[in-house]
Amino acid sequence: MSIPGETPNPYGPPQPPQPPQQSPAQSAPQGPGQSPAPSLPQSTPPGPYGQVPPQAQPPQHNPYAQPTMPSVPLGGGYGPMGTPGTPPGMPPMGPGAGGGGKGWLWGLSGAVVASAVWAGVLFATGGFDGNEAEADLAGYRYMTNLCGSTDSQAFEDSGYEQKSGSSSNPRHSSSESPALDSMTCNIDFEPSGASTSDYSSVWLYTTASLHKKTDPGPEFEAQYRSYEDQKTSTYSYEVSPVRGLGEEAYVVRQESKSSTSNTGAYVILAVRDGWMTYQSTWSEYVSTSSSASAKTPEEATEMLKKSAKATLEKMKE
């Protein structure tokens with residue numbers, strides 16, 4: 001309890017209200033004919049130490065407490081204190097506070113800009129009507145074994161056969177999800193009639209993807225054009241469009257800068273049809289001592305085009 005006349009400690013606990021001090025005349029005994037001094041009404045008896053119980057005390061104000069945050073409605077802005085959406089600890093910015101009008105205008109303009117940006121996003125993504133762009137899969141379907149649909153007739157007609165002696169040839173994998181379906185197939189080949197002393201590495205790697213959430217069209221060409229920037233002292237890449245396959249197709253051929261005899265070819269054929277993307281890669285290396293000769297990049301391109309056309313048709317069956 002504070003001593004009368006002493007300045008209260010602002011960091012101490014709130015003190016209960018003190019009853020009014022009586023003057024000496026009021027506290028003095030009353031003489032004959034005088035009425036006793038009126039006593040203060042008290043609805044709740046004092047506690048054992050002369051203090052009013054907490055339930056009878058009026059609400060106390062702590063000058064150092066943070067202001068209570070009002071409930072913030074959805075989409076609250078940054079108005080002055082006392083309006084919904086005010087960040088905690090911000091000073092009041094009422095009409096009489098310095099800069100209050102500017103703060104209110106700043107908060108209002110920020111809310112308007114944020115609303116405009118959000119509205120633009122909703123218009124761009126179709127959020128207002130709740131509809132998303134529907135995937136155009138062009139009739140292609142997901143399959144767990146892409147090797148079963150990969151056509152190898154064009155390679156067999158060109159003098160190749162699947163390498164025997166391995167139970168994992170061909171090899172396939174697949175993955176299905178709400179956003180993207182992925183399928184792969186890898187086949188190891190060897191030149192027909194090659195002897196055991198001949199060294200050759202020939203494989204065909206095919207991938208197919210069904211894009212269910214994102215249109216691959218705007219980025220498709222750029223992905224393969226980027227090969228043109230990958231150059232070394234021994235080879236470079238040439239990218240050319242291909243007609244007659246899907247909506248767009250490109251072939252990427254690795255060009256050797258060496259004048260030695262042909263020992264192999266590395267060619268990529270990429271096709272996009274709607275939101276389906278397809279890529280087949282031919283990689284071949286034949287040793288110079290081998291009795292077989294490698295295909296040229298142009299020959300490998302023709303084999304890939306024939307295989308892709310037949311494979312894509314089977315993917316729709």
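Note that this is a predicted model, so its numbers are computed, not measured.

Quick look at unusual backbone geometry now. Of note, the bond from N169 into P170 is cis; its omega dihedral lies within 30 degrees of zero at 0 degrees. Here P170 shows up in the loop between β1 (160-162) and β2 (171-175). At A138, a position not held by glycine, the phi torsion is positive, near 55 degrees. For A138, the location among the structural elements is in the loop between α2 (100-125) and α3 (153-157).

This brings us to the nonpolar core. Burial of nonpolar side chains together is a common tendency in soluble globular proteins. Within the largest apolar cluster, 31 residues are counted, with the highest numbers of intra-cluster contacts made by F155, F189, L269, W282 and M315. Those elements giving two or more residues to this core turn out to be β3 (180-191), β4 (200-211), β6 (248-256), β7 (264-273), β8 (276-286) and α5 (297-314). Per-element tally for this core: the top contributor is α5, with five residues. Among all residues touching F189, those that are not within four sequence positions of it are S152, F155, Y160, E161, Q162, K163, V202, W203, L204 and W282. Counting nine residues, the second largest nonpolar core, distinct from the first, contains F220, Y224, V239 and A270.

A separate point is the packing of aromatic side chains. Between two aromatic rings, the relevant description is the distance of the centres plus the angle of the planes. Inspection of every chain in the model, using the stated rule, returns nine aromatic pairs. Judged by centre distance (6.2 Å) and plane angle (45 degrees), the rings of F220 and Y250 are tilted. Highlighted residues: F220 in helix α4 (residues 217-225) and Y250 in strand β6, separated in sequence by 30 residues. The rings of F220, Y224, Y227, Y235, Y237 and Y250 are connected pair by pair, giving a single aromatic cluster.

To continue, consider the pattern of salt bridges. Two side chains bearing opposite charge may form a pair once their charged atoms approach each other closely. According to the stated counting rule, one finds eight salt bridges in the structure shown. The salt bridge involving E247 is made with R272; its shortest N-O contact spans 3.3 Å. Of this pair, E247 sits in the loop between β5 (235-241) and β6 while R272 sits in strand β7, and the two are 25 residues apart along the sequence. Residue R272 is classed as buried on the basis of its relative accessible area of 11%. Among the salt bridges present, the one from E248 reaches R272, with a minimum N-O distance of 2.7 Å. Taken together, the residues E248 in strand β6 and R272 in strand β7 connect sequence positions 24 residues apart. Accessibility assignment for this pair places E248 and R272 in one class, buried.

Below, the discussion takes up the pairing of β8. Most of β8 sits inside the fold, with ten of its eleven residues counted as buried. With eleven bridges connecting them, β4 and β8 associate as antiparallel partners. Bridging across to β8, S200 finds its partner in V286. As defined by bridge partners, β7 adjoins β8 across ten bridges and the pair is classed as antiparallel. Each residue of the ladder has a partner; that of D273, found in β8, is M276. Here β7 folds back onto β8 in antiparallel fashion, the turn holding two residues, of which G274 has a positive phi close to 65 degrees.

Okay, the environment of P170 next. Judged by relative accessible area, P170 falls into the partly exposed class, the value being 30%. Between the alpha carbons of P170 and C185 there is a distance of 7.0 Å; along the sequence they are 15 residues apart. Sequence-distant contacts of P170, that is, excluding residues within four places in its chain, are made with C147, Q162, N186 and I187.

Let us look at the environment of Y205. Turning to its location among the elements, Y205 is positioned in strand β4. Along the chain, Y205 and Q279 lie 74 residues apart, while their C-alpha atoms are 8.2 Å from each other.

What follows covers the confidence of the model for the chain. Confidence along the chain averages 73 in pLDDT terms, with 57% of residues attaining 70 or more. Under a pLDDT of 50 for its full length, residues 37-44 has, in the predicted model, six contacts with residues more than four places off or in other chains. Long-range and interchain partners of residues 52-56, a stretch whose pLDDT sits below 50, account for five contacts in this model, where long-range means more than four residues apart.

Thresholds, definitions, all that
- Residues numbered from 1 in each chain as written.
- Predicted model: local features only at pLDDT ≥ 70, side-chain atom pairs only at ≥ 80, totals over all residues.
- Heavy atoms only, no water.
- Helix = DSSP H or I, 4+ residues; strand = E, 2+ residues; numbered from the N terminus.
- Core = buried A, V, L, I, M, F, W, Y, C linked by side-chain atoms within 4.5 Å.
- Buried < 20%, exposed > 50% of the residue type's maximum accessible area, 1.4 Å probe, protein only.
- Contact = heavy atoms within 4.5 Å.
- Phe/Tyr/Trp six-rings, centres within 6.5 Å; stacked < 30°, edge-to-face > 60°.
- Salt bridge = Lys/Arg side-chain N within 4 Å of Asp/Glu carboxyl O.
- Pairing = 2+ DSSP bridges.
- pLDDT = per-residue confidence, 0-100.

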